[in-house]
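Geometric and topological summary
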Amino acid sequence: GGLTEIPAAGLAQILALFALIELAWMPASQYDGDYGVGWFGEDIVDEEIKARKLNVELNNGRAAMLAVFGNMVGEAATGQTLA
């Protein structure tokens, strides 16, 4: 099941898209989180608002990682999966 059911050409296309996004459009070496794509297509000109929105996004990502870790701990403790 799962990954083995996807044709090799399909996996190659998915990996090529990920590589394009990661290497060309949104490089991971840019640590400030500002990729120049704006907010719903609009550029944020006020630096204070821009910094706040970037911090909110980083904090939401951190909260999501903690939530996933909490689910993993719960599954490991009870032996039951959430699915």
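Just above, that's the structure.
Throughout what follows, the structure given in this document is the object of discussion.

So, how was this worked out
- Residues numbered from 1 in each chain as written.
- Predicted model: local features only at pLDDT ≥ 70, side-chain atom pairs only at ≥ 80, totals over all residues.
- Heavy atoms only, no water.
- Helix = DSSP H or I, 4+ residues; strand = E, 2+ residues; numbered from the N terminus.
- Areas by Shrake-Rupley, 256 points an atom, 1.4 Å probe, with all protein chains shown as cover.
- Expected span 1.5 Å × (residues − 1).
- Buried < 20%, exposed > 50% of the residue type's maximum accessible area, 1.4 Å probe, protein only.
- Patch = residues over 30% accessible without salt bridge, like charges linked within 9 Å, V, L, I, M, F, W, Y side chains within 5 Å.
- Salt bridge = Lys/Arg side-chain N within 4 Å of Asp/Glu carboxyl O.
- Polar contact = N/O pair within 3.5 Å; in protein donor to acceptor, adjacent residues only side chain to side chain.

Side note on the overall build of the protein
In terms of regular secondary structure, the protein is built from two helices and zero strands. Carbon and sulfur atoms make up 65% of the accessible area of the protein, which amounts to about 7200 Å² in all.

Some words on helix 1 (residues 8-25)
With 18 residues, helix 1 should cover 26 Å at 1.5 Å per step; its first-to-last C-alpha distance of 25 Å lies within 8% of that length. Along helix 1, only zero of the 18 residues are buried, which leaves the element largely exposed.

Digging into a nonpolar patch on the surface
Among the surface-exposed residues, Leu3, Ile6, Ile14, Leu15, Leu17, Phe18 and Leu20 lie close enough to one another that they form a single nonpolar patch of about 690 Å² accessible area. Within the fold, Ile14 resides in helix 1.

Regarding helix 2 (residues 47-78)
Taking 1.5 Å per residue, 32 residues should reach 46 Å; helix 2 reaches 47 Å between its end C-alpha atoms and fits that length. The backbone nitrogen of Glu48 has a side-chain oxygen 3.3 Å away, supplied by the residue at the start of helix 2, namely Asp46. Looking one or two places after helix 2, you find Gly79, whose phi comes out positive at around 80°.

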